[in-house]
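Chain residues, written in single-letter form:
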Amino acid sequence: MLGGRTLLKWWRAPFWLLALGTGAKSFADNPFLGSRTLNRRGLHAARLKLAHRLAAARRRRLAGAVPADWRDQFDRNGFVEVRDFLPAESFARLQRDLLGTAFESRQHQQGDTVTRRIAVGAGLAAAFPELSALLGNRPWRALLAYVASTRAEPLHYIQTIVTGLPSDHPDPQLNLHSDTFHPSLKAWLFLTDVTDDEGPLTYVAGSHRLTAERLAWERARSIDIARHDRLSQRGSLRISGDELPGMGLPQPTRFAVPANTLVVIDTSGFHARGSSTRQTVRVELWSYARRNPFLPFSGLDLFALPALASLRADWQYWIVDQLDRLGIAKQQWHPAGRKRPDEP
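Residues numbered from 1 in each chain as written. Predicted model: local features only at pLDDT ≥ 70, side-chain atom pairs only at ≥ 80, totals over all residues. Heavy atoms only, no water.

Colleague: Describe the packing of helix 5 (residues 68–77) against helix 9 (residues 138–148), and please don't skip the residues or the numbers.
Modeller: Viewed as axis vectors pointing N to C, helix 5 and helix 9 meet at an angle of 25 degrees, and their least axial separation amounts to 11 Å. Comparing their axes, helix 9 and helix 5 come out roughly parallel. Between helix 5 and helix 9 lies a crossing of right-handed hand. Here helix 5 contributes Trp70, Arg71, Phe74 and Asp75 to the contact with helix 9, which in turn contributes Pro139, Leu143, Tyr146 and Val147. Across the contact of helix 5 with helix 9, the residue classes break down as six nonpolar, no polar and two charged. (Axes fitted to C-alpha atoms, helices over the stretch in contact; angles between N-to-C directions. Helix = DSSP H or I, 4+ residues; strand = E, 2+ residues; numbered from the N terminus. Parallel < 35°, antiparallel > 145°, perpendicular 65-115°, else oblique. Left-handed = near helix turned anticlockwise from the far one by under 90°. Contact = heavy atoms within 4.5 Å. Nonpolar A, V, L, I, M, F, W, Y, C, P; charged D, E, K, R; others polar.)

Next comes the structure, spelled out in structure tokens:
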């Protein structure tokens, strides 16, 4: 006879089963995804192969709008780096407007690093012509859509990274990892210079490709996931630098870059925050997109509609605030008051 705890858990089985057709990634939260038996029989590997195949098909349909040199750089490396992305005068105005204004913000601390974010909604964009122009920039939008493999509107934030704060815990973002099993997007337009000792983004070139070596590594990791760290168990697989040569991969590229550099990455590739040797502050316009990987089409997304897309960041904060009050989910992003993005 099933006990109460077992029944309480397994009534969710239909939802766990349906989640196999979504971007659900946590081995720990879904017994099907975390099943050693099913992953021995190829469940995780099959989801990987299908997700990457569909992403490649969507990218082929989006490729024509992307400059060839950007597309080639991404296909080869899994990232695109564009220095002097905006005309100098336009960037100076954008930098002055965003760094010189205090905004309501939220922040989250991991180890010795605080990340502070200001959601970019329609009202904020309309207040700053250069920001509004950037969000409508066709080459920029085309590149983000290509890397994300979807025309769905990304979430945009003004993001501040403060490193070197007192902490008894390590920053988990310093460890090389993939965000999820399927192609997805993060992008940074740096509003301040980033030097090599200021915790720059790092990325393992070519690690976005699902090679036979990568697939074998993923399959082995999924089978033995119970032996690995908690973040890996939740679907953000960690990897050490020593494991990279076995997949034919180089050591990470470090993006120590000047302001007005755009970096766009596929976060299914291995990446991390570089270490810093002192307290630092950097500011960027940060964009993020992750959609159901098993949708065959690149458009037809309700949240890609501008009127809805510009509200999503604020909605997400509000929804998790309510869930936190009800004790259902914990809000990690706490109000930080009105601050200029470049305040430490």
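Colleague: How would you sum up the packing of aromatic side chains? Please name residues and give values.
Modeller: Where two aromatic rings form a pair, the distance of their centres and the angle of their planes describe that pair. Evaluated as defined, the whole model comprises nine aromatic pairs. Between the aromatic rings of Phe74 and Tyr146, the centroid separation amounts to 5.8 Å while the plane-to-plane angle is 75 degrees, which identifies the pairing as edge-to-face. Note that Phe74 is positioned in helix 5 and Tyr146 in helix 9, a separation of 72 residues in sequence. Using a relative accessible area of 1% as the deciding quantity, one classes Phe74 as buried. (Phe/Tyr/Trp six-rings, centres within 6.5 Å; stacked < 30°, edge-to-face > 60°. Buried < 20%, exposed > 50% of the residue type's maximum accessible area, 1.4 Å probe, protein only.)

Colleague: Any chance you could break down the sheet that holds strand 2 (residues 103–110) for me, citing the residues and the numbers?
Modeller: Within the open sheet, the eight strands sit side by side as 1-8-5-10-4-3-2-11. Their pairing is antiparallel. Two strands bound the open sheet, and with one partner strand each, they are strand 1 (79–82) and strand 11 (334–339). The sheet shows a mean angle of 25 degrees between the axes of neighbouring strands, taken without regard to direction. For strand 2 and strand 3 (residues 113–119), the ladder comprises five bridges, and the chain directions are antiparallel. Residue pairing across strands places Gln109 opposite Val114, the latter belonging to strand 3. Its contacts with the sheet put helix 13 (residues 312–325) on strand 2, strand 3 and strand 4 (155–163), and the angle it makes with strand 4 is roughly 65 degrees. (Pairing = 2+ DSSP bridges.)

Colleague: Tell me about the pairing of strand 2, and please be specific about residues and values.
Modeller: Bridge count between strand 2 and strand 11: five bridges; the pairing is antiparallel. Bridging across to strand 11, Ser105 finds its partner in Gly337.

Colleague: Tell me about the side chain of Glu284, residues and numbers included.
Modeller: Its location among the elements puts Glu284 in strand 10 (residues 280–289). Taking relative accessible area as the criterion, Glu284 reaches 0% and is therefore assigned buried. Only 2.6 Å separates the side chain of Glu284 from the side chain of Gln159, close enough to count as a polar contact. Here Arg282 takes part through its side chain, which lies 2.7 Å from a polar atom of the side chain of Glu284. The residues contacting Glu284, other than those within four sequence positions of it, are Tyr157, Ile158, Gln159, Ile161, Trp188, Leu189, Phe190 and Leu191. (Polar contact = N/O pair within 3.5 Å; in protein donor to acceptor, adjacent residues only side chain to side chain.)

Colleague: I'd like a description of the pairing of strand 10, backed by residues and values.
Modeller: Sheet faces and side chains relate simply in a regular strand, where the side chains alternate between the two faces. Among the 10 residues that make up strand 10, eight are buried, leaving the element largely enclosed by the rest of the structure. Pairing of strand 5 (residues 185–190) with strand 10 involves six bridges; the strand directions are antiparallel. Looking at the pairing, Leu185 lines up with Ala289 of strand 10.

Colleague: Tell me about the pattern of salt bridges, and please be specific about residues and values.
Modeller: Here the idea is simple: oppositely charged side chains can pair when their charged atoms come close. Applying the stated rule across the entire model yields 18 salt bridges. The closest approach of N and O atoms between Arg221 and Glu243, which form a salt bridge, is 3.0 Å. Placement of Arg221 in helix 10 (residues 212–223) and of Glu243 in the loop between helix 11 (230–233) and strand 7 (253–254) is noted, with a sequence separation of 22 residues between them. Classification of Arg221 by relative accessible area gives buried; the value is 10%. Residue Glu243 is classed as partly exposed on the basis of its relative accessible area of 28%. (Salt bridge = Lys/Arg side-chain N within 4 Å of Asp/Glu carboxyl O.)

Colleague: Tell me what's going on with the environment of Ala65, and back it up with residues and numbers.
Modeller: Its location among the elements puts Ala65 in the loop between helix 4 (43–62) and helix 5. The class for Ala65 is exposed, based on a relative accessible area of 54%.

Colleague: With reference to specific residues and values, describe the packing of helix 4 against helix 10.
Modeller: Put simply, helix 4 and helix 10 touch, their axes get as near as 8 Å, and they point 140 degrees apart. As far as their axial angle goes, helix 10 and helix 4 are oblique. Crossing angle aside, the handedness with which helix 4 passes helix 10 is right-handed. Across from His44, Ala45, Leu48 and Lys49 in helix 4, the residues of helix 10 making contact are Leu215, Glu218 and Ser222. Of the residues belonging to the contact of helix 4 with helix 10, the class tally is three nonpolar, two polar and two charged.

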